[in-house]
Amino acid sequence: MLDENRAYIRITEFDDVTVNQFADALATMRGSGMKGLILDLRDNPGGLVRSVYEIGDELLPEGTIVYLEDRKGERVYENSDADCTSVPYVLLVNGGTASTSEILAAAVKDNKGGIIVGTNTFGKGIVQSIEKLSDNSGALRITVQQYFSPDGNVIHEKGVQPDYEVILTEESETDVQLEKAIELLK
C-alpha cells in the first residue's frame, strides 16, 4: 500500500506464477482498504499470454481483451467475462513495456478499464514460432499471428499510446509517472 487508500503492484514479467501472485496481492490490498490501484508494467518484456488473459479478465468488464489474426485472416478472440474489479486503477507503461504487456495495456485502453500513464510502449505485437533447419545449421523465426487491440488497432511497430504522456528522465529526482498516477487516483 502506498498510503491508506492506494495500492501499488509491479509486474516485471508474465510467467506461470504471476496470476496467483497478482490475485494474492490484490486480495491483501483489498483487505487493507484499497480504493485505487497502480499497476506498474514499465520495462515488462511480456511473457506468457495466458497470464495476461487471466489478469485482464480480473481488471476488465465483459468484452474482448485481444484478438489474434493469422495470414489467412482467421481470427481467435480472447474475451473477459463480466466479473471484474470495481476499484479504479492506473497502468504505468514505457518503451520497455512490450509484447504481452502491451496486450493488457491495449485492452485497458480500448475497454476504458483504467487510465494509462507513461510513454508509448515498445510495439511488439506478433506471435512467432521457431523452426529448425533440417540440416541443424540454424533456425528460422516465422511470424504466425499478429495481435490486435479490441478496437482493431495494430500494436506491432506502433505500441500503445498512454492517456497521459509523462516522460521520466534520468535527471528526474522523483518518479513523475508514479506521481501522476497517484494524482489521478485522488
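Conventions and cut-offs
Residues numbered from 1 in each chain as written. Predicted model: local features only at pLDDT ≥ 70, side-chain atom pairs only at ≥ 80, totals over all residues. Heavy atoms only, no water. Helix = DSSP H or I, 4+ residues; strand = E, 2+ residues; numbered from the N terminus. Buried < 20%, exposed > 50% of the residue type's maximum accessible area, 1.4 Å probe, protein only. Expected span 1.5 Å × (residues − 1). Arc of directions from axis to C-beta. Contact = heavy atoms within 4.5 Å. 1 Å grid on protein atoms, 1.4 Å probe; cavity = no way out; pocket = protein on both sides within 12 Å on 5 of 7 lines; lining within 4 Å. Points joined across faces, edges and corners; volume = space filled by probe spheres on them.

J.: Please clarify how unusual backbone geometry should be interpreted in this entry.
T.: Most peptide bonds take the trans form, and the phi angle of most residues other than glycine is negative. One non-glycine residue with positive phi stands out, namely Ser99, at about 55 degrees. One can find Ser99 in the loop between β5 (89-93) and α3 (100-111). Residue classification places Ser99 among the buried positions, given a relative accessible area of 11%. With a phi close to 65 degrees, Glu157 is a non-glycine residue in the positive phi region.

J.: Just to check I follow, could you spell out helix α1 (residues 18-31) for this structure?
T.: Because an α-helix completes one turn every 3.6 residues, residues spaced three or four positions apart along the sequence face the same direction. Taking 1.5 Å as the rise per residue, α1 with 14 residues should run 20 Å; its terminal C-alpha atoms sit 20 Å apart, in good agreement. All buried positions along α1 are accounted for by Thr18, Val19, Phe22, Leu26 and Met29. The arc that holds the buried residues of α1, viewed along the axis, is 100 degrees, so those residues lie on one side. Every exposed residue of α1 that faces more than 90 degrees away from the buried side is listed here: Asn20, Gln21, Asp24, Thr28 and Gly31. Where α1 is buried, its residues meet β1 (6-10), β2 (36-40) and α2 (49-59). Positive phi appears at Gly33, one or two residues downstream of α1, with a value of about 90 degrees.

J.: Mind showing me how you'd approach empty space enclosed by the protein here?
T.: Any empty space left between the atoms is revealed when a probe the size of a water molecule rolls over them. Within this structure, the stated rule accounts for 1 cavity of 30 Å³ or more. Roughly 30 Å³ of internal volume is contained in the largest cavity. Residue lining of the largest cavity: Leu26, Met34, Leu37, Thr85, Val87, Pro88 and Tyr89, and that is the complete set.

Everything listed is a geometric property; what it means functionally is a separate question.
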